[in-house]
Each structure stands twice: as C-alpha cells, then as structure tokens.
Amino acid sequence: MPSLKDLRIRINSVRSTQKITSAMKMVAASKLRRAQEQAEAGRPYADRMDRMVGSLAQSLENFEAAPKLLVGTGKEETHLLVVATSDRGLCGAFNSSIVRAARRRIRALQNDGKNVKILCVGRKGQLQLKRDYGRLIVDRIDEISKRRLSFNDAEDITSRILALFEQDEFDVCTVIYNHFESPISQVITERQLIPLSVPEAEEQKTEPGLSAIYEYEPEEEELLGQLLPRNFTVQIYRALLENAASEQGARMTAMDNATRNAGELIDKLTLNYNRTRQAYITKELIEIVSGAEAL
Amino acid sequence: MADKVAFELVSPEKLLLSRDVDFVVVPGAEGDFAVLPGHAPFLSSLRPGIIEIHEEGNETTGLFVAGGFAEATPERCTVLANEAIPVADLDRSGIERRQSNAKEDLQAHPDDDAAKAELATAEAMLAALDGWGKA
C-alpha cells in the first residue's frame, strides 16, 4: 500500500499537469479563433481562383501547348508529396493522422513502381517520416506557424516547389493537409496541384451556359504563365491556413481531454488518499485501545 | 438578364466586396475596361490602378488594386487582387516610405523584379491619390 506522502506527491503532480493542460487549452482556443477567421477569410479567394482556372482550363483551345503547370509533364514517374504538419506536438492525433495518410500514399505509389519525393512543411511530420523515408525527403520548411501565417510564407514555399518543377525533379505534385471542418473535426485532404485537377462535373452543373470561349488579355499563354503560379501559391496558402486552424482545433480538443482525464485521476487518487488516511487512523486507535486494555 | 453585375473583389486574405453594381471599370494590363451586364467572357491580368465601381446613377467608389486578375462573364465580374485598398484609405506618407524603400532596394539589386513591382505599385498609388476625386 502506498504511503500517504507518496499519494500526496502524486496528487500534486497530476494537479500541476492539469494546470498546464488547461492553460494550453485556453491558449489553443484563442489561437484557434484567429486561425479559423483567417482560414475562412482565405477561402473565397481560393474558390474564385479555382473557378477561374477551372473555366480557363476547359475553354483552352490548344491543350497540347498549354503550360506544363496545367497539364503536367506528360508522364507520371515521380510524385512529389507536400506533407503539411505542425511544428509542435501535443495536439492529439493531428500529426500522426497526416503522416499515416502520407505513408499510405507513399506505399501505394511505390507499389505502382513510381518514384516518390517528399517535401515536409512543419517539423513534426519531418521527424515522423524521417525514420522510414528519410532519403525521400528533398526539402523541409520549418517554423512557419510561429508568426501569423502570411501570403509571403506561401510564396516562399511555392517558389521552392516550382524551382524543383523547373528542374524536372517531379511530374505530379500532391499536397496533404488537414481541412478544417470544425474545432473537433478535421478532414485529411489530398489535393493534386500539378497537373491541375479541375473539378469538372461541378463546374458544368452550376454553369451550363458557360462553355463559351474566353477572350484573353494579354495573350493566352502569357496570362496562363502568370495565373498558374499564382493559383499554385493560393492553393498552398489555403492548405497552410486550413492546417493551422486544424492544428489549433486538434490541440484544443486534445488538451480538453487531457484536462478532464487529469481531473478524473485526481478524484481517484484523492479517494484513495482519504481511505488510506482513515485506515491509518483506525489502526492507531485500535493500537491505543488494545494497549489500554492490556494494562 | 439582370441589369446588374455581380461584382466581387477578393484578396488572398479576405473577401473585400461582394455586391451587385451597375458597372465597374477595371485597370487591365493592356488598358482599362468597363464591365457592364452581358459582358463577353473575358479574362485579364491587372496593372496597379483604380477600380471604379458605379452604382445607382452617379455614385462611384474607388478601390486601389496592386495587380491581380479579373474575370468577366455575362452575369458577374470577379477581381482577384494581390492587394486592395479603398482610395479613401490610402496614406500618403506610408506610400512615400514604400516608394523610397523600393527605390533603395532597386539601387542595391537592379534586377530585382519584386522591387520593381513594388516601386510601380507605390507610384501607381501616388498617382491614384493625386488623380482621384479631381476627375
């Protein structure tokens, strides 16, 4: 049976852990609000961009000559996976679930005999993937979530990815991130960015009359040359924003659970402590009484 | 067909404006163009300049954009701006600081495209500030 002192020490240590987790929950909640606003504010731009590029891609007259960013390199040998995770842990299954999705994807691609390259955004994903797929990681970007995420951060990442693309380092680019549904639910999303996957069915449903051919200013090629990298950046930016919001949501939920568990543990330990204390008192009373009787 | 254009102005950070207007004048890369209801499908990149929004007769609103893309269809006009500020909110000293910073950058790195763009933006902002309201 543990001594009273041991129990007291344990109760205190659990209590201080609880204080930390509940403080982290508060911090995550306030960060979540900001991240969520930012993510939701960023959605319209990305959606409009999607729509614009989508209708543009459909009305392209000369598909063969279209930029590679839109139609790909014509082969599917090397896949680049952009795995977006967080820099910090203690956010439940947030990072592990992204990494699990990435692993599954990597295995599937490797079974098909494709080459896989990984670009890690965020420290945690890199740490988890390093063990199994260390030699596949071509680049890593850390510490972006330290400050408020800005469009420039996304541009920085995009320029690195596009530089790799220019050097023919990969043919297909997919980004894996957590889409923010609500603070307690995040959906792992895989999105192919190069070549661009156009949500065609949807486009035609909503705008049946819009198969009309667009006019361009400046020329089609030049415009596409500007629009496509921009679109790419926007999609990366969107992924990062969604991911940041999801991270805070996941952390909040995880810390809430931890706080509640700590409370339960404290209750149990306190009960145990009181029982032990009473047992000691009873024992001492018996000793005194039987000592007096013996006299 | 409606006699209004569904105009939307979005920047990467947020949806700035979304409403039905009579017509808008957009600073395209190769010249300003106006979008009225029933405009032919059209896509253009933008140069730094002012978007004029005309609604309900003579009422106009000016919004400065630092570049981006515009899409016009018969029903709507969508502007994806890199940066957008209402002309009324432009701040002269801030812009002049941006302009001089960009000039310095350009002197240090004459080939820096970002600095060139920044300078063009700042100059367009100043021009917007001077020109708006007088015309």
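Residues numbered from 1 in each chain as written. Chains lettered and ligands numbered in written order. Predicted model: local features only at pLDDT ≥ 70, side-chain atom pairs only at ≥ 80, totals over all residues. Heavy atoms only, no water.

Let us look at the overall build of chain A. The secondary structure content of chain A amounts to seven helices and six strands. Secondary structure elements in chain A, listed N-terminal to C-terminal, are α-α-β-α-β-α-β-α-β-β-α-β-α. By its C-alpha atoms, chain A is 110 × 40 × 30 Å across when sized along the principal axes. Out of the 295 residues in chain A, the part that is buried amounts to 45%. Total accessible area computed for chain A in this model is approximately 15,600 Å², and 50% of it derives from carbon and sulfur atoms. If you average the places of the 42 positive and of the 42 negative side-chain charges in chain A, the two averages end up 13 Å apart. (Helix = DSSP H or I, 4+ residues; strand = E, 2+ residues; numbered from the N terminus. Buried < 20%, exposed > 50% of the residue type's maximum accessible area, 1.4 Å probe, protein only. Areas by Shrake-Rupley, 256 points an atom, 1.4 Å probe, with all protein chains shown as cover. Lys, Arg positive; Asp, Glu negative; His and termini not counted. Charge placed at Lys NZ, Arg CZ, Asp CG, Glu CD.)

This next bit is on the domain arrangement of chain B. All names here are of chain B. In terms of domains, chain B is made up of domain 1 (5–87) and domain 2 (90–131). Using only C-alpha atoms to locate each centre, domain 1 and domain 2 end up separated by 23 Å. In this complex, domain 1 contributes eight residues to the contact, which on the side of domain 2 involves seven residues. Here domain 1 packs against domain 2, burying approximately 630 Å² in sum over the two surfaces, 71% of which is carbon and sulfur. In this structure, the connection of domain 1 to domain 2 is made through one salt bridge. Put simply, Arg98 and Glu83 hold a salt bridge, and the shortest N to O gap is 3.1 Å. At the boundary of domain 1 and domain 2, one finds one residue pair in polar contact (both at pLDDT 80 or more). (Domains from an automatic or database assignment. Contact = heavy atoms within 4.5 Å. Buried area = accessible area lost by both parts, 1.4 Å probe. Salt bridge = Lys/Arg side-chain N within 4 Å of Asp/Glu carboxyl O. Polar contact = N/O pair within 3.5 Å; in protein donor to acceptor, adjacent residues only side chain to side chain.)

Residues in a regular strand point their side chains to alternate faces of the sheet. All names here are of chain B. With respect to burial, strand β9 (residues 76–81) is a largely interior element, six of its six residues being buried. Going residue by residue along β9, you find Arg76, Thr78 and Leu80 tucked away on one face and Cys77, Val79 and Ala81 tucked away on the opposite face as well. With five bridges connecting them, strand β1 (residues 5–10) and β9 associate as parallel partners. Bridged to Glu8 within β9 is Thr78. Here strand β8 (residues 68–72) runs beside β9; their pairing, made up of five bridges, is antiparallel. Each bridged residue has a counterpart across the sheet, and for Phe69 the counterpart in β9 is Leu80. From the end of β8 to the start of β9, which pair antiparallel, there are three residues. (Pairing = 2+ DSSP bridges.)

Okay, helix α4 (residues 123–133) of chain A next. All names here are of chain A. When α4 is considered as a whole, its buried residues turn out to be Gly125, Gln126, Leu129 and Tyr133. When α4 is viewed along its axis, its buried side chains cluster within an angular range of 95° and face the same direction. Contacts from the buried residues of α4 go to β1 (78–84), α3 (94–111), β2 (115–121) and β3 (137–141). (Arc of directions from axis to C-beta.)

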